[in-house]
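Listed below, chain by chain, are the residues.
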Amino acid sequence: MAAGSSRRSMSPLAWVGVGIGALLMAAPLLWTLLLSLKANAELMRDSGTAFSAPYTLENYASILRGNMVFRWLLNSVIVSLGTTLGVLALCSLAGYGFARLEFPFRRTLFVFVLLGLAIPEQAVVLPQHRLFADLGLHNSYPGLILPGLAGPFGVFFMTQYFRAIPRELDEAAMLDGASRFTTFWKVLLPLTAPAQATLGVFTFLASWNSYWWPLISATRGDMFTLTVGLASSQMNYAQTSGLGFLMAQAVFASIPIFIVYLLFQKQIVKAMAGAAVR
Amino acid sequence: MTGAGMRNRWGGIAFVAPFLLVYSFLLIYPLFNGILLSFHNADLFGGERWIGLANYSRLLQDPTFHQSLLNTFKLALLIVPTLTAISLALALALNKPGRTPAIFRGLFFSSSVLSVTIVTLIWRFILTPDAGLMAEVAEALGQEPIPWLSHPDLTIPALAITTIWWSVGLPMMLFLAGLQQIPEDMYEAAALDRAGRWTTFRRITLPSLKRTTILVVMLQTAAQLQIFGQAQLLTAGGPSGASRPVVLYIYEASFGRWELGYATALAEVLFMLIIAVTLVQYWAGTRVKDA
Amino acid sequence: MPSLELENIRKAYGETLVLDDVSLTMEAREFIAFLGPSGSGKSTLLRIIAGLETLDSGEVRLEGQRIDGLPPGERGVAMVFQHYALYPHMSVYDNMAFGLRNAKVPKEEIETRVADAARVLEIEEHLQKKPGQMSGGQRQRVAIGRAIVKHPRIFLLDEPLSNLDAALRMRTRVELAQLRQKVDAAVIMVTHDQAEAMTLADRIVVMNDRKIQQVGPPMEIYARPANTFVARFVGSPAMTLAPATLVAEAAGEHATVRIGDGAVIATRVPRAGLPETGLELGLRPENVRVVAAGEGSDTTAKVELVERLGERTLIYGRLADGQPITAEDEGFSRVRIDDNVGLRIGGEAAHIFGPDGSGHHAEASA
C-alpha cells in the first residue's frame, strides 16, 4: 500500500506532530467517557472530579432502565435500515437498467439523474417539508425514510459497478434463455455484493447521522431519531438529570456507530471517497 | 447490447422507473417548487401570495442576512485552509505500512463517523467555561477559563475548532489515496538526484497532489458553506448572531418565524453561491500549473 | 434439408458496413470454420446467428424455420464464448443447469444431462466447484458442457483456441475433434488461425473485408484458392506471388509464363480463358526447391533469411529483379544468408492469378 515516503522512516518531528494530533483527537473522546462515568451530583459541584475516582455506571444503568433513549435508538434503527434497504433495492434496479438495458431516452434520463448530484440539501428541504406536511407524512417512519431514497449517488454508484461486469455474462444468460429480470436477479446482482456492502454501509451511516430532516420532520419526542434526541437532550440538559447522564447518552449513541465503523471500516472509507470524487 | 427479438423496447424502463418516480417526486419537484415559493409570501402550512422578487430585494437589504453571509465566509476561510493543511500533513506522516500507522489512521478517521449532535455534545463540554475540559486545564494552570461559547469574537473560532476536529478524517483519506497513486519511480529518481526531503516534497509530492488538493478544497468549501448543526447547538448562532451562519438563518426564518417564502429565497441564493464558488475554484484549479 | 441457411445478410453500425450481402448454406452435422483476419466480419456473423446482434436485412433459417426474429434463448443454438463467460458465483453444476432451469426442464432430466456431459468432458469431480477454482482448460470444458446440455442444433465456438498456450492448444484441438464425433449437431467455429481451421473443419468459410471470399473443404481452399487473399491467408509460410506475363509463343493448351527475372515456367493452368495482362504467378514454398549448384535450376535467388525448422528449412530470398520468393530445403540444408542458390520451380503445381485477383489453377490429374 505505501508509496513514496514509506521508504523513509518518520522523522522525530513527524512523530511528535502525529502524537500531539492523536492526543488532541482522543482527548475529547476520553473526557466524554470520563464524565459519563461520574455521578451527576459530583459533577455539579465541580466537573474536575472527572479526573479522579470514584467512577460509577449509574448513568448507563439509568439509560438501560428504560428511557426515551431506547425509543430513539429504535427509531434510528428502523429508519436507517429502511432507508438502506430501500436505497439498495431502488439503486440496484436502476443501476442495472442504466448499465445494461436499452430503452428510449436512456441517456437523457441518466444525465437527468446525474444532475441531481449538484443539488444541495438546502435547496429542497423546505419545499419537501411543505410537501410532506400536505401529505400528512410528518412524524412517521415513511416520512423519515422517503427523502433518503431520492438521492442520485446510489444510482450513479451502482450503474458504474454494473458497467464494469463483463457483458459476456449477460450474453451467456441470454443464450441460456434468461429474461431481463432473471439475468439481473440470478446472474448480475450476486456479483455486486461488494458494491452492495459499500453503498449499504454508507447509506446506513448517512441516514443514522442525518440531522436536518429528522429535526424538522419528527417533532414528537417519541419519533425522534437518536441524533435528534441527543440534540434535544443537550438543549434541555439543565432541566434534566445532569451532565453525567447526558454524556452517557452521547457514549451510548456512539456505540452503534463505532460498531458499524469497526466492522465496515474499509467499506466506509471507500464509499465516502467514492462519494466525494463522484 | 441489443438482442434480436427482445420483446419490447420499453421493458427496460421498468427497472429505472421506481427510482425515477421517487427522485422526480421527492427531489426534482421540490427543487422547482422551491424556486416558485421564493416568489411568494408563504408560510409552512399553506396560504401564499405572489410577490414577485420582493423576497430577493428584501434579502439584499437584510443586515442579519449580510451578517450571516459574512459569518459563513469567515468560517469557511478559517476551516478550509487549516483542515486541508492538517489532513495533508497527517496523510504524509501516516502513509506507511504497518499496524501502528493503521491504528492512527483509524483514530483520526473515527471522529468523522459521529453525528453532529454527538460532536457538539462532546465539544460543548470541552469549551464551556463552567464545566469544560479546557476550563479544567485553565484552572489547573491558574488561568481564567476562556468563554469560547459566549464571547462574540470567540464563537466563530470555537465552531471552527470543533468542525476541524470533526472533519479531518475524510480529506486525510483522500490525500492518502492521492499519495498512493504517485509512482515510486519518481521518488527513486529524486533520490538518485540527491534531492533533499523538502525539495522532494515541493517538487514531486505537492504537484502530484494537485488534483486531490483541489478536490478537497472544493468539497470542504461546499460543505462548510452549509454549516448548521454545530452553530445551532453550540452557540445558537450567538451572541447576537455573531456566529450565525446562513443555513441557521434559513432555519430560523422557516421554523422560527414561519416565513417559508423568504427562507426559500435565502436557500436559492445560497444554492447559487455554492455553485458559483465551486465553479470558480474549479476554474482556478485548472489554471494552476501542473507538476 | 440444410440445417442452417444464411441469406443476403447485411449489417452496418451506423455508417460503417460490417457485413456485405453474406449468404451460406450448411448441412446437418457439418463442422464449419469462419476463417479470416480481424475486421472481416466473422465474429459479427456468428453473433447474428446466435441472436446477440440484429441484422439489417437478410434472413437466418434453421432447419427451414426463420430464427432471426427470435431471442437467443429460443433459437436452439448454444455458444462457447472466447473467454467462457462462466457465472463466477455459481458451481459448475449450476452453470450447466442454469439454461435448462430457465427452460423449465424437469429436475431429473437436468441431472441426467449434466451428468452425461460431465462424463463426456471428464469434469465429473469438479461439479461442485466454482469456476475460479479451476484451470483455464477445465473452465473451457465447463463452457462446452454448458452448451452440450442444451442439446442444441448448432454449436457456436468463438475463437476456442486463442486463449490457450501452445501445449494446451494441441490437446484441445484433439479434444474438439473427438467431441465433434460425439455430438449430433452442426458446429460453427470462428478463428483467425488457418491451421486450426484446416485441421478441424469439414468446410472453411474464408472471410475478408465483410464478404465471403471462398467456401470449401480445407484441401480445396488450399489447392485451389479463389483469389490472392485466400491464397496468401491459407498456408504458412505464405504463397509467393510474382508478376508474370504469358509467353505467347509457347505451344500447348497450358499457360507458360515469364516472371520478372526472366525465368520461364511452364504451368498446367489451362490457357483458354486467361486474361492477357496483369497476371501473377503463385508458388507455394514446397514447390520451390533449393538445388545444389550445378543441378538444373530454373532460376537463382539471393538468400536473405534462413529458418531452420528441423524437418525442413525455409529460405527467404530475392530473385534477380528484386521479387521476394520463399523456398524450401531439407532440414540439414547448408544454405546461409547472402548465398546465391539455385531454385527448381515446380511449375505443375503453380497457380495463376488474374488482374482482379481471381485464381486459375492446374487441371486436376486424372
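For the structure itself, consult the block above.
Owing to the predicted nature of the structure, the values given are computational and were not obtained by experimental measurement.

Q: Is there a simple way to think about the overall build of chain B in this case?
A: Secondary structure summary: chain B contains 14 helices and two strands in total. Its C-alpha atoms give chain B a radius of gyration of 24 Å, clearly above 19 Å, the size a compact globule of 291 residues would have. Viewed in the frame of its principal axes, chain B has a C-alpha envelope of about 80 × 75 × 35 Å. Sorting the 291 residues of chain B into buried and exposed places 55% on the buried side. Residue pairs in contact within chain B that sit at least 24 positions apart in sequence constitute 68% of those at least 6 positions apart. Total accessible area computed for chain B in this model is approximately 13,000 Å², and 65% of it derives from carbon and sulfur atoms. The average position of the 19 basic charges and that of the 16 acidic charges among the side chains of chain B differ by 12 Å.

Q: What am I meant to see in the overall build of chain A here?
A: The number of helices and strands found in chain A is 15 helices and zero strands. Computed over its C-alpha atoms, the radius of gyration of chain A comes to 24 Å, more than 25% above the 19 Å expected for a compact globule of 278 residues. Sequence-distant contacts, at least 24 apart, represent 71% of the contacts inside chain A between residues at least 6 apart. A total accessible area of about 11,400 Å² is found for chain A, and carbon and sulfur atoms account for 69% of it.

Q: Would you mind going over the packing of helix H11 (residues 193-209) of chain A against helix H14 (residues 243-263) of chain A with me for this structure?
A: Two measures define how a pair of helices packs: the angle their axes make with one another and the distance between the axes. All names here are of chain A. Where H11 meets H14, the closest approach of the two axes is 11 Å, and the angle between their N-to-C directions is 165°. Our classification of the angle between H11 and H14 gives roughly antiparallel. The element H11 and its partner H14 pack so that their crossing is left-handed. Facing H11, whose interface residues are Val201, Phe204, Leu205, Trp208 and Asn209, H14 presents Ala253, Pro256, Ile257 and Val260. When its residues are assigned to classes, the contact of H11 with H14 shows eight nonpolar, one polar and no charged.

Q: Help me understand the pairing of strand S2 (residues 16-26) of chain C, please; the structure alone is not making it clear to me.
A: A regular strand places its side chains on the two faces of the sheet in alternate fashion. Residue and element names in this part refer to chain C. Both strand S1 (residues 4-13) and S2 contribute to a ladder of seven bridges, which runs antiparallel. Residue pairing for S2: Leu6 is matched across the bridge by Leu24. Following S1, the chain reverses through two residues before pairing antiparallel with S2; Gly14 in that reversal takes a positive phi of roughly 60°.

Q: Explain the interface of chain B and chain A to me, please; I cannot follow it from the model alone.
A: By a widely used convention, the size of an interface equals the accessible area lost when the partners come together. With 97 residues of chain B in contact, the opposing surface of chain A contributes 100 residues. Counting the surface lost from both chain B and chain A, the interface buries some 8,900 Å², and carbon and sulfur atoms represent 75% of this. Linking chain B with chain A are zero salt bridges. Here the side of chain B that touches chain A gets 19 residues from one element, more than from any other, and that element is helix H1 (residues 13-37) of chain B. For the side of chain B that touches chain A, a count of residues per class yields 61 nonpolar, 24 polar and 12 charged.

Q: Please explain the environment of Arg100 of chain A as it appears in this structure.
A: All names here are of chain A. Within the element layout of this structure, Arg100 appears in helix H4 (residues 68-100). Residue classification places Arg100 among the buried positions, given a relative accessible area of 2%. Spatially, the C-alpha atoms of Arg100 and Phe162 are 7.6 Å apart, while their sequence positions differ by 62 residues. Apart from the residues lying within four places of it in its own chain, the contact partners of Arg100 are Phe162, Arg163, Ile165, Pro166, Arg167, Asp170 and Leu188. Among the polar contacts listed, one links the side chain of Arg100 to the backbone oxygen of Ile165, at a separation of 2.6 Å. There is a polar contact of 3.2 Å between the side chain of Arg100 and the backbone oxygen of Pro166.

Q: Please clarify how the environment of Gln226 of chain B should be interpreted in this entry.
A: Within the secondary structure layout, Gln226 of chain B lies in the loop between helix H11 (210-225) and helix H12 (229-235). Gln226 of chain B sits 164 residues away from Asp62 of chain B along the chain, and the two C-alpha atoms are 19 Å apart. Each residue touching Gln226 of chain B, except ones within four places of it in the same chain, is listed here: Pro120, Glu121 and Gln122 of chain A together with Val247 and Ile274 of chain B. One polar contact links the side chain of Gln226 of chain B to the main-chain carbonyl oxygen of Ala222 of chain B, over a distance of 3.2 Å.

Q: Can you help me understand the interface of chain C and chain A in this one?
A: Every contact between the two is made by 22 residues of chain C and, on the other side, 15 residues of chain A. Across the chain C/chain A interface, buried area totals approximately 1,600 Å², and carbon plus sulfur atoms make up 64% of it. Our count for the contact surface shared by chain C and chain A stands at two salt bridges. Between Glu171 of chain A and Arg47 of chain C there is a salt bridge, and its shortest N-O distance comes to 2.6 Å. Remark: the boundary between chain C and chain A carries nine residue pairs in polar contact (both at pLDDT 80 or more). If you list the elements that add at least two residues to the side of chain C that touches chain A, you get helix H1 (42-50), strand S6 (77-80) and helix H2 (92-102) of chain C. A per-element tally of the side of chain C that touches chain A places H2 of chain C first, with three residues. Its residues assigned to classes, the side of chain C that touches chain A shows 12 nonpolar, seven polar and three charged.

Q: Can you walk me through the pattern of salt bridges in this structure?
A: Side chains that differ in charge, positive against negative, can pair when their charged atoms come close. Counted by the stated rule, this structure contains 28 salt bridges over all chains. Among the ionic pairs, Asp222 of chain A bridges to Arg220 of chain A, the shortest N-O distance being 3.1 Å. Classification of Asp222 of chain A as partly exposed rests on a relative accessible area of 29%. For Glu59 of chain C, the salt bridge identified is with Arg66 of chain C, shortest N-O distance 3.4 Å. Each of Glu5, Glu7, Glu59, Arg61, Arg66 and Asp68 of chain C takes part in one network of salt bridges that share partners.

Q: What should I look at first to understand the packing of aromatic side chains in this one?
A: What the rule picks out here adds up to 31 aromatic pairs over all chains. Measuring from centroid to centroid gives 5.9 Å for Tyr261 of chain A and Phe109 of chain B, while their planes differ by 25°, and the two rings are stacked. Note that Tyr261 of chain A is positioned in helix H14 and Phe109 of chain B in helix H4 (residues 99-110), a pairing that runs across two chains. A connected cluster of aromatic rings, assembled from ring pairs, spans Tyr96, Phe162, Phe181, Phe184 and Trp185 of chain A together with Phe15 of chain B.

Q: Whenever I open this one, unusual backbone geometry confuses me. Can you help?
A: Both trends apply: most residues other than glycine have a negative phi, and most peptide bonds are in trans. All names here are of chain C. Residue Pro237 is bonded to the preceding Ser236 through a cis peptide linkage, with omega at 0°. Structurally, Pro237 is set in the loop between helix H8 (228-233) and strand S11 (240-246). Phi at Arg29 is positive, roughly 60°, even though this residue is not glycine. Among the structural elements, Arg29 can be located in the loop between S2 and strand S3 (31-35). Backbone geometry at Asp209 places phi at a positive 55°, although glycine is not the residue there. Position of Asp209 among the secondary structure elements: in the loop between strand S9 (203-208) and strand S10 (211-216).

Q: Explain the sheet that holds strand S20 (residues 351-353) of chain C here, please?
A: Hydrogen bonding along the main chain pairs the strands of a sheet, whether they run parallel or antiparallel. All names here are of chain C. If you walk across this open sheet you meet the six strands as S13-S12-S11-S14-S20-S21, and the pairing is antiparallel. At either margin of the open sheet sits one strand with a lone partner, and together these are strand S13 (264-270) and strand S21 (359-360). One ladder, built from five bridges, connects S11 with strand S14 (residues 279-283); its direction is antiparallel. For Thr240, the partnering residue across the bridge sits in S14 and is Leu283.

Q: Teacher, can you tell me more about a nonpolar patch on the surface here?
A: Residue and element names in this part refer to chain A. Among the surface-exposed residues, Ile255, Ile259, Leu263 and Phe264 lie close enough to one another that they form a single nonpolar patch of about 370 Å² accessible area. Looking at where Leu263 falls in the secondary structure, it is placed in helix H14. Residue classification places Leu263 among the exposed positions, given a relative accessible area of 62%.

Rules behind the numbers
Residues numbered from 1 in each chain as written. Chains lettered and ligands numbered in written order. Predicted model: local features only at pLDDT ≥ 70, side-chain atom pairs only at ≥ 80, totals over all residues. Heavy atoms only, no water. Helix = DSSP H or I, 4+ residues; strand = E, 2+ residues; numbered from the N terminus. Rg over C-alpha atoms; globule rule 2.2 N^0.38 Å. Buried < 20%, exposed > 50% of the residue type's maximum accessible area, 1.4 Å probe, protein only. Contact = heavy atoms within 4.5 Å. Areas by Shrake-Rupley, 256 points an atom, 1.4 Å probe, with all protein chains shown as cover. Lys, Arg positive; Asp, Glu negative; His and termini not counted. Charge placed at Lys NZ, Arg CZ, Asp CG, Glu CD. Axes fitted to C-alpha atoms, helices over the stretch in contact; angles between N-to-C directions. Parallel < 35°, antiparallel > 145°, perpendicular 65-115°, else oblique. Left-handed = near helix turned anticlockwise from the far one by under 90°. Nonpolar A, V, L, I, M, F, W, Y, C, P; charged D, E, K, R; others polar. Pairing = 2+ DSSP bridges. Buried area = accessible area lost by both parts, 1.4 Å probe. Salt bridge = Lys/Arg side-chain N within 4 Å of Asp/Glu carboxyl O. Polar contact = N/O pair within 3.5 Å; in protein donor to acceptor, adjacent residues only side chain to side chain. Phe/Tyr/Trp six-rings, centres within 6.5 Å; stacked < 30°, edge-to-face > 60°. Patch = residues over 30% accessible without salt bridge, like charges linked within 9 Å, V, L, I, M, F, W, Y side chains within 5 Å.

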